[in-house]
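# Close look at the chain arrangement
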Amino acid sequence: MAVTVKKALISVSDKTGIVDFAKDLCSLGVEIISTGGTYKLLKENGINVIEVSEVTGFPEMLDGRVKTLHPMIHGGLLARRDLPEHMGAIADKGISPIDMVVVNLYPFKQTVLKDDTDLENIVENIDIGGPSMIRAAAKNYKSVAVITSPEQYAPVLEQMRDGGIQEDLLSRLMAEAFIVTANYDNMIANQMSKRFLQGFPVSFPVPTEKVMDLRYGENPNQKAAFYADPFTKGPTVSKMEQLHGKELSYNNILDMDKALDICMDFEKPTAVVMKHTNPCGLASASTIYEAFVTAYNVDPLSAFGCVICINRPCEVDVAQEISQHFVEVVVAPEFSPEAIEILCRKKNIRLMRTGTPIGPSERVREYKMKKVQGGLLVQTDEDVVVDRNRLQVITKRAPTEEEIDAMLFAWKLAKHVTSNCVVYVKGERAVGIGAGQMSRVDSAKIATMKANEPTEGCVMASDAFFPFRDGVDEAAKAGVTAIIQPGGSIRDQEVIDAANEHNMAMVFTGCRVFRH
């Protein structure tokens, strides 16, 4: 059964298109009630509008905190039209039914994101009456149209002109309304829990906003969309600007996120080459051009169709080099106009600009979440700083200064490779990367196999302890001279003895960087 709208209540913070919408409602014979700034705007534009206080018989008070919280409003919204006792009850109290609510909420998110905001201002931008009206109208959706976005004005008007708002549209408006209030409450809970709660709350508030629909998920038979945290800070995939190329895919976004995460660990000019959520190349150098060429050549076979992230602006020399290869995505703080011109010759390559520097000082630690069947895993994003002072030398031979530098670089790489992980490094570049194996010794073998240059003189990093000495023996075959690892195995002594037999230096970090 279609709803004929005779009376509408309008109270909007975002006033986009509201004057034209209200005029259209008036032309259809709808009586309009309004509040505060919305009432003033409609009145100034010649629209016949009734102030809420005339309906309630009670003035707005407490600096606008109390306007619509009144039985004359909520009785008109919540009365079921199909129940005579409901309609009789409101008639006895002189309450008229309200058939439409047009409400969008105080700008809580925008207030939080302002640089100069304070808690008092944030609290004042927590909407009370708005969510209450939305929820009331949504609960009574078969009789009341609830409009929460300017994008909904056109389809509602179209059906009103055709005789009334149909139940399928009323149902969709209701569902969208509850999403609006749920996410609004999530944003508030998220911000207040960060400020006033310690540890993990009893329910985890995750506010999100849809960024885009994706072509498909990991595979073409799967549907996918990308959502952003509205309060995220620093360089993130959700805040990047796409300068060129076809739409992003689900897998592109995963690889971009991991590549950016790696680059954020490095101060010097650094390039990472990403493939299937694992780096297949990483290098730091005195110039970003040298870093990119070195990183790409770590494993050029795997780099086919890769995602690249560089932590310096993309200039002509880097763009020319990138254009020689098949690359899916390039992420950079900035792109020069000349670099864009060169790269845009490839119509499908995606160019993603962060617009902010990429480096350790820009990193913001956030909770890490993974959805599992029937639940959500949440963990902190804590990072144990591993520097020279933390390294514990446990072999007869101590590492040289050059080996220590290389091991610290290798450790930063190992943090981002899927476990079990073993990486070989020379100086400030990856040589071989062994990722995601069920046994650590196989990772060591793969790191040797994947190397595009001799592994003699490399250092090794392992993201977790060696359960047996076989991984060390395999590294010795590859010519590795020093190893950095967490330690903590019941067979640590066996592993240390193996290192001593091969005249290797070995250090323990005392922390694990395992990644599932």
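Report follows, based on the coordinates. (Residues numbered from 1 in each chain as written. Predicted model: local features only at pLDDT ≥ 70, side-chain atom pairs only at ≥ 80, totals over all residues. Heavy atoms only, no water.)

### Quick word on the packing of aromatic side chains
The test is simple: Side-chain rings of Phe, Tyr and Trp, where Trp is taken by its six-membered ring, are said to pair if the distance between their centres is within 6.5 Å; with planes under 30 degrees apart they count as stacked, over 60 as edge-to-face, and otherwise as tilted. Helix and strand assignments come from DSSP, with helices taken as H or I runs of at least 4 residues and strands as E runs of at least 2, each series counted from the N terminus. Buried residues are those whose accessible area, probed at 1.4 Å on protein chains only, stays under 20% of the maximum for their type, while exposed residues exceed 50% and partly exposed ones sit between those limits.
The tally for this structure, following the rule as stated, stands at eight aromatic pairs. Ring geometry for Phe204 and Tyr367: centres 5.2 Å apart, planes at 85 degrees, overall edge-to-face. With Phe204 in the loop between α10 (167-196) and β6 (209-214) and Tyr367 in the loop between β13 (350-353) and β14 (368-372), this residue pair connects regions lying 163 residues apart in the sequence. For Phe204, a relative accessible area of 23% gives the class partly exposed. Put simply, the rings of Phe108, Tyr184 and Phe231 pair up and form one aromatic cluster.

### Quick notes on the environment of Asp14
As a reminder of what qualifies: Whether two residues touch is decided by their heavy atoms; if any such pair falls within 4.5 Å, the residues are in contact. Between N or O atoms, a polar contact is any pair within 3.5 Å; within protein, one atom must be a potential hydrogen donor and the other a potential acceptor, and residues adjacent in sequence are included only when both atoms are from side chains.
Turning to its location among the elements, Asp14 is positioned in the loop between β1 (7-12) and α1 (18-27). Along the backbone, Asp14 and Pro150 are 136 residues apart, and their C-alpha atoms lie at a distance of 8.4 Å. Once you skip the residues sitting within four places of it in the chain, Asp14 turns out to touch Asn104 and Pro150. In this structure the side chain of Asp14 is engaged in a polar contact, spanning 2.6 Å, whose partner is the side chain of Thr16.

### What about helix α4 (residues 71-78)?
Among the eight residues in α4, six count as buried, and that is most of the element. Of the positions making up α4, those classed as buried are Met72, Ile73, His74, Gly75, Gly76 and Leu77. Against the buried residues of α4 lie β1, α3 (52-56), α5 (84-92), β4 (100-104) and α8 (129-139).

### A look at the packing of α1 against helix α9 (residues 153-161)
Put simply, the test is: Axis definition: a line fit to C-alpha positions, over the contact stretch in the case of helices; interaxial angles, taken between N-to-C directions, run 0 to 180 degrees. Geometric relationships in this document are graded by angle, where less than 35 degrees denotes roughly parallel, more than 145 denotes roughly antiparallel, 65 to 115 denotes roughly perpendicular, and other angles denote oblique. Note that Gly is not counted as nonpolar here; it falls among the polar residues with everything else outside the nonpolar set of Ala, Val, Leu, Ile, Met, Phe, Trp, Tyr, Cys and Pro and the charged set of Asp, Glu, Lys and Arg.
Where α1 contacts α9, the two axes come as close as 11 Å, and the packing angle between them is 10 degrees. Overall, the two elements α1 and α9 adopt an arrangement that is roughly parallel. In this structure, α1 contributes Ile18, Phe21, Asp24 and Leu25 to the contact, and α9 contributes Tyr153, Leu157, Met160 and Arg161. Split by residue class, the contact of α1 with α9 holds six nonpolar, no polar and two charged.

### Here's the deal with a positive patch on the surface
Inclusion rule: Like charges are joined within 9 Å and nonpolar side chains (Val, Leu, Ile, Met, Phe, Trp, Tyr) within 5 Å, but only among residues with over 30% relative accessible area and no salt bridge; these make up the patches. To measure how exposed things are, a 1.4 Å probe is used in the Shrake-Rupley method; for residues, cover is taken only from the protein chains shown. By convention in these notes, a salt bridge is any Lys or Arg side-chain nitrogen within 4 Å of a carboxyl oxygen on Asp or Glu. Counted charges follow a simple rule, with Lys and Arg positive, Asp and Glu negative, and His plus the chain ends left uncounted. For this purpose, a charge sits on NZ of Lys, CZ of Arg, CG of Asp or CD of Glu.
Together, Lys194, Arg195, Lys233 and Lys239 make up a region of like positive charge exposed at the surface. Within the secondary structure, Lys233 is located in the loop between β7 (224-228) and β8 (241-244). By relative accessible area, Lys233 is classed as exposed at 54%.

### Thoughts on the sheet that holds β1
Basically, it comes down to this: Two strands pair under a simple rule: DSSP has to find at least two bridges between them.
On the basis of which strands lie adjacent, the open sheet formed by five strands has the order β3-β2-β1-β4-β5 and parallel pairing. The strands lining the two open edges of the sheet, one partner per strand, are β3 (49-51) and β5 (145-147). Going across the sheet, the axis of each strand differs from the next one's by a mean of 20 degrees, ignoring polarity. The pairing of β4 with β5 spans three bridges and is parallel. Each bridged residue has a counterpart across the sheet, and for Val101 the counterpart in β5 is Val146.

### Side note on the pairing of strand β19 (residues 459-462)
Each regular strand shows side chains that alternate between the opposite faces of the sheet. The condition is simple: Here a crossover is taken to be right-handed if, once the strands point away from the viewer, the path from the first strand over the helix to the second is traced clockwise.
Across the two faces of β19 the burial is the same, with Val459 and Ala461 and Met460 and Ser462 all buried. Across three bridges, the pairing between β19 and strand β20 (residues 482-485) is parallel. The partner of Val459 across the bridge, within β20, is Ala482. Crossover β19 to β20 through helix α17 (residues 470-477) is right-handed.

### Description of a nonpolar patch on the surface
Side chains of Phe200, Tyr367, Met369 and Leu376 sit close together on the surface and give an oily, nonpolar patch of about 380 Å² of accessible area. Residue position: Met369 is located in strand β14.

### Focus: the side chain of Lys415
Relative to the assigned elements, Lys415 resides in the loop between α15 (401-414) and β17 (422-426). A residue is classified by how much of its surface remains accessible, and Lys415, at 10% relative accessible area, is buried. Here Lys415 is in contact with Asp265, Asp383, Val513 and Arg515, once residues within four sequence places are set aside.

### Side note on unusual backbone geometry
Note the cis peptide between Ser419 and Asn420, where omega equals -10 degrees. For Asn420, the location among the structural elements is in the loop between α15 and β17. The backbone phi angle of His276 is positive, close to 55 degrees, even though this residue is not glycine. Tracing the chain through its elements places His276 in the loop between β9 (270-275) and β10 (278-284). Although it is not a glycine, Asn503 adopts a positive phi angle of roughly 55 degrees. Relative to the assigned elements, Asn503 resides in the loop between α18 (492-501) and β21 (505-508).

It is worth stressing that arrangement in space is one thing and function is another; only the former is reported here.
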